[in-house]
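# Notes for the structure review
Given next are the chains, with one letter for each unit.
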Amino acid sequence: MAITTPTTDSASSGAQGAAKLIKERLPLTRLNFILMGAAILVIVVGFLLMTGEPSGADTFNPDIFSTRRIVVGPTVTFLGYIFMGAAIMWPSRRRGTNAGNDSPNEASEA
């Protein structure tokens, strides 16, 4: 039995196959990351809505009790966090994968 070494073509195709296998097994897709980026943007907007001029020891700023700062900002931030959870759990729609199976061996047994 002779031991042969793989040629560069088969080695590179093996590396590409391994990269494809790793990409197929990643739990999050590109769409998940885009949705998470949008959720981060919504959270930042919510925090920006809560910012404003503070009250000092000498002066009172009634704007600290404005609806924008105590209702709208926290609500937008909370919705951003909810959207983040939905973005993480968004299902992927990959073709040719076993979505319900944990391992490829289970698919071949069925």
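Residues numbered from 1 in each chain as written. Predicted model: local features only at pLDDT ≥ 70, side-chain atom pairs only at ≥ 80, totals over all residues. Heavy atoms only, no water.

A few words on the packing of aromatic side chains. Going through the model one piece at a time under the given rule, you end up with one aromatic pair. Taking 6.2 Å as the distance between ring centres and 35 degrees as the angle between the ring planes, the aromatic pair formed by F60 and F65 counts as tilted. Judged by its relative accessible area of 58%, F60 falls in the exposed class. Taking the relative accessible area as the measure of exposure, F65 reaches 56% and is therefore exposed. (Phe/Tyr/Trp six-rings, centres within 6.5 Å; stacked < 30°, edge-to-face > 60°. Buried < 20%, exposed > 50% of the residue type's maximum accessible area, 1.4 Å probe, protein only.)

So, about helix 3 (residues 67-89). For helix 3, which comprises 23 residues, the first-to-last C-alpha distance of 32 Å matches the rise-based estimate of 33 Å (1.5 Å per residue) to within 8%. All buried positions along helix 3 are accounted for by R69, G73, T77, G80, M84 and A87. Those residues of helix 3 that are buried lie in contact with helix 2 (30-50). (Helix = DSSP H or I, 4+ residues; strand = E, 2+ residues; numbered from the N terminus. Expected span 1.5 Å × (residues − 1). Contact = heavy atoms within 4.5 Å.)

Let's shift gears to a nonpolar patch on the surface. On the surface, L31, I34 and W90 cluster together into a nonpolar patch covering about 290 Å² of accessible area. Here W90 is to be found in the loop between helix 3 and helix 4 (104-109). (Patch = residues over 30% accessible without salt bridge, like charges linked within 9 Å, V, L, I, M, F, W, Y side chains within 5 Å. Areas by Shrake-Rupley, 256 points an atom, 1.4 Å probe, with all protein chains shown as cover. Salt bridge = Lys/Arg side-chain N within 4 Å of Asp/Glu carboxyl O.)

Here we come to the pattern of salt bridges. Under the criterion given, the structure shown has two salt bridges. Close ionic contact of R68 with D63 constitutes a salt bridge, the shortest N to O distance being 4.0 Å. A residue is classified by how much of its surface remains accessible, and D63, at 30% relative accessible area, is partly exposed. For the salt bridge of D63 with R69, the shortest nitrogen-to-oxygen distance reads 3.9 Å. Given a relative accessible area of 12%, R69 falls into the buried group.

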